[in-house]
Each structure stands twice: as structure tokens, then as C-alpha cells.
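Listed here are the chains, written in short residue letters.
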Amino acid sequence: MMKMILETKRLQLREMTWADYEALSRILQDEEVMYAYEGAFSDEETRAWLEKQLRRYREDGIGLWAVVRKDTGDMIGQCGLTWQMWKERRLLEVGYLFERRHWHQGYATEAARACMDYAFQVLHADEVGSIIRDTNLLSQRVALRNGMVLQKEVWTKHYRGVDMPHYLYVKRRIDDAYQKE
């Protein structure tokens with residue numbers, strides 16, 4: 001059974017299941033979508049990604065969720081909250097990946113904003129971050145549109161044999177209306 005997490009005007013976010021593997025593959029196995037990861041995932045990497053999300057749901061109660069268009073019922077991306085390391089500290093991160101044909105329609109901004117609301121209102125987080133590769137301008141714009149602030153520090157991650165500088169964008173509870181709770 002699929003567990004619904006939240007809804008927006010156009011989208012539903014729910015836990016992924018193995019029935020979502022084909023839709024997830026269209027995202028993770030697209031070279032252009034996965035450019036920030038240095039290329040598309042193999043079938044094995046895609047299965048491991050889905051297994052990791054299922055484990056996160058069980059262990060953390062959060063993870064990357066399927067993003068489903070209400071009008072079509074199609075899974076068009078994934079967006080959610082995960083625990084990540086930024087240098088030496090643990091950070092609640094909002095992350096998102098969408099099928100390329102659904103880019104530039106506001107879905108990532110809408111879903112990420114809903115996830116941040118969930119983090120502040122349901123999880124009572126003090127801050128939410130997004131760790132974004134320096135070359136990923138689309139994701140940086142989503143973070144800025146959602147009121148996240150670029151931090152001054154840069155961290156270089158080594159992944160798939162490549163050094164990848166990453167920026168940290170952060171939104172804190174005190175940055176907006178969440179302080180009124």
C-alpha cells in the first residue's frame with residue numbers, strides 16, 4: 001500500500017514502491033537529468049536507489065517520495081526529505097529530481113516548498129538545507145525561489161571518480177512565518 005505524505009495544488013507526494021521502478025528509471029537513467037551525478041544510473045544503481053528510499057521510510061520516516069500529478073496520476077519525479085552529511089554535521093535536506101519533460105513547469109519548486117513546509121510544521125525542524133552541485137543551476141534556482149539562502153562555504157565531494165564542488169542553501173524556521181507557530 002502506498003502511503004500518502006502530502007498534497008499541493010497540482011501534486012501528491014507519496015512513498016515509492018517497487019511498482020514505481022519504471023517511472024523512477026525514466027528519471028535516474030536519463031543522462032541529462034542525472035548530469036549532476038556524472039551520468040545516468042544503471043539498472044543496478046536504480047534498484048539500489050529505490051531500496052535506499054524504502055529503507056529510509058522504515059528507519060527515518062522520511063525519504064525521497066514519488067511526485068504524482070493529480071490530473072494524470074503519473075509519477076513525474078521524486079522529492080522529499082533525507083538526512084545528509086554536510087562536512088561534519090547532519091543536515092535535513094530537501095532534494096528533488098524530475099523527469100526532463102516536466103522541467104520548467106514549477107513542479108520542483110512546488111514540491112520542494114511543500115516538503116519544507118512539512119519539515120517545519122510536522123517535523124518541527126529548525127532548518128532545511130539543499131546541497132547542490134556548483135554546475136546545477138536549475139536546482140540552485142529552485143532553492144532561491146523557495147527562500148533558501150546560499151551559504152558562504154563550499155564542499156567538494158568525490159563521486160564517480162570526479163571532484164564535485166557543492167553549495168549549501170539553507171532556510172531556517174526563523175526566516176519566515178514558521179516562527180509564528
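Refer to the structure presented above.
Residues numbered from 1 in each chain as written. Predicted model: local features only at pLDDT ≥ 70, side-chain atom pairs only at ≥ 80, totals over all residues. Heavy atoms only, no water.

Colleague: Explain the layout of surface pockets to me, using residue names and the numbers behind them.
Modeller: In this structure, the largest pocket occupies an estimated 1100 Å³ of space. If you list the elements that add at least two residues to the lining of the largest pocket, you get α2 (43-60), β4 (75-86), β5 (89-98), α3 (107-121), β6 (127-133), α4 (137-145), β7 (149-159) and β8 (162-172). In the lining of the largest pocket, the residues fall into 21 nonpolar, 15 polar and eight charged. (1 Å grid on protein atoms, 1.4 Å probe; cavity = no way out; pocket = protein on both sides within 12 Å on 5 of 7 lines; lining within 4 Å. Points joined across faces, edges and corners; volume = space filled by probe spheres on them. Helix = DSSP H or I, 4+ residues; strand = E, 2+ residues; numbered from the N terminus. Nonpolar A, V, L, I, M, F, W, Y, C, P; charged D, E, K, R; others polar.)

Colleague: Go over the side chain of Glu93 with me, naming the residues and quoting the values.
Modeller: With respect to the helices, strands and loops of the structure, Glu93 is situated in strand β5. One buried charged residue, Glu93, forms no salt bridge at all, with the nearest opposite charge on Lys157 at 6.3 Å. Reaching out from Glu93, the side chain makes a polar contact with the backbone nitrogen of Ile131 at a distance of 2.7 Å. Not counting residues up to four positions away in its chain, the partners in contact with Glu93 are Gly80, Leu81, Thr82, Gln84, Val128, Gly129, Ser130 and Ile131. (Buried < 20%, exposed > 50% of the residue type's maximum accessible area, 1.4 Å probe, protein only. Lys, Arg positive; Asp, Glu negative; His and termini not counted. Salt bridge = Lys/Arg side-chain N within 4 Å of Asp/Glu carboxyl O. Polar contact = N/O pair within 3.5 Å; in protein donor to acceptor, adjacent residues only side chain to side chain. Contact = heavy atoms within 4.5 Å.)

Colleague: Report on the environment of Asp134, specifying residues and quantitative values.
Modeller: Mapped onto the elements of the fold, Asp134 is located in the loop between β6 and α4. Sequence separation between Asp134 and Tyr167 is 33 residues, and the spatial gap between their C-alpha atoms is 6.1 Å. The residues touching Asp134, leaving out its near neighbours within four places in the chain, are Gln140, Pro165, His166 and Tyr167.

Colleague: So, the pairing of β7: which residues are in play, and what are the values?
Modeller: As paired strands, β7 and β8 are joined by eight bridges and run antiparallel to one another. Across the sheet, the residue bridging to Lys157 is Met164, located in β8. The turn linking β7 back onto β8 is made up of two residues, and Arg160 within it adopts a positive phi angle of 55 degrees. (Pairing = 2+ DSSP bridges.)

Colleague: Could you give an account of the environment of Val142, naming the residues involved and the relevant values?
Modeller: Structurally, the position occupied by Val142 is in helix α4. C-alpha separation for the pair Val142 and Glu110, spaced 32 residues apart in sequence, amounts to 9.1 Å. Each residue touching Val142, except ones within four places of it in the same chain, is listed here: Tyr96, Ala108, Thr109 and Ala112.

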